[in-house]
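Overview (structure and organization)
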Amino acid sequence: FFFQAEDGIRDFCLSRGLGDVYKRQDYPFVHAEKGFALSFEVKMPEETVEGERKQEFGRNAKTISLKEEKYLRDVGPLVEGCECFACKNHTRAYVHHLLRCDEMTGFVLLTIHNVARYSDLFAEVRKHLSAGTLDRFSSWFLST
């Protein structure tokens, strides 16, 4: 699954302030290769408090590194609340093991997850674009 330039979604998002990193078609794959699961929240709460930030997983709430030792025995899904195939059927510990062994299945599962997350993001962008609330969504997304 690729986002095509003719969709105009990525270019539109950039012009609305979602940031350079989200325009890249290879974003989900590059992160999977490095052992990162995309963990950003895509559903904006009805009411967002100004300055409120999501502090999941410490350093960066937008990705988690499943190569870190803390996931060695973590039997939770890659990202809580995610409904993708990888999150429904595999644990952080399993993917951690696959990545540490350089097993290609780890990359495949992370790619499945990351593409699903990226797709969810752009589904929300389209929804907010239609509703006329894209500026509010962009501001919220960049602050989480």
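Values in this document were obtained by computation on a predicted structure and should not be read as measured data. (Residues numbered from 1 in each chain as written. Predicted model: local features only at pLDDT ≥ 70, side-chain atom pairs only at ≥ 80, totals over all residues. Heavy atoms only, no water.)

**Describing helix α6 (residues 134-143)**
Those residues of α6 lying buried are Leu134, Phe137, Ser138, Trp140 and Phe141. Taken around the axis of α6, the buried residues stretch over an arc of 165°, which confines them to a single face. (Buried < 20%, exposed > 50% of the residue type's maximum accessible area, 1.4 Å probe, protein only. Helix = DSSP H or I, 4+ residues; strand = E, 2+ residues; numbered from the N terminus. Arc of directions from axis to C-beta.)

**Some points on the side chain of Ser65**
Among the structural elements, Ser65 can be located in strand β2 (residues 63-65). Excluding residues that lie within four positions of it along the chain, Ser65 makes contacts with Gly35, Phe36 and Tyr71. (Contact = heavy atoms within 4.5 Å.)

**Brief notes about the packing of helix α4 (residues 92-100) against helix α5 (residues 104-131)**
In the contact formed by α4 and α5, the axes pass within 7 Å of each other and the chain directions differ by 130°. The angle between the axes of α4 and α5 places the two elements in the oblique class. Of the two possible hands of crossing, α4 and α5 adopt the one that is left-handed. From α4, Tyr94, Val95, Leu98 and Leu99 reach across to α5, where they touch Thr105, Gly106, Phe107, Leu109 and Leu110. Counted by class, the contact of α4 with α5 contains seven nonpolar, two polar and no charged residues. (Axes fitted to C-alpha atoms, helices over the stretch in contact; angles between N-to-C directions. Parallel < 35°, antiparallel > 145°, perpendicular 65-115°, else oblique. Left-handed = near helix turned anticlockwise from the far one by under 90°. Nonpolar A, V, L, I, M, F, W, Y, C, P; charged D, E, K, R; others polar.)

**A short note on the packing of aromatic side chains**
One pass over the full model with this rule turns up two aromatic pairs. A ring pair is formed by Tyr118 and Phe122, whose centres lie 5.2 Å apart and whose planes are at 70°; its orientation type is edge-to-face. Taken together, the positions of Tyr118 and Phe122, both in helix α5 and four residues apart, correspond to about one turn of that helix. Of the residues examined, Tyr118 reaches a relative accessible area of 1% and is grouped as buried. Phe122 sits in the buried class, given a relative accessible area of 2%. A centroid spacing of 5.7 Å and a plane angle of 40° characterise the contact between Phe137 and Trp140, whose relative ring orientation is tilted. Here Phe137 pairs with Trp140, and both are found in helix α6, just three residues apart, close to one helical turn. Judged by relative accessible area, which is 0%, Phe137 ranks as buried. (Phe/Tyr/Trp six-rings, centres within 6.5 Å; stacked < 30°, edge-to-face > 60°.)

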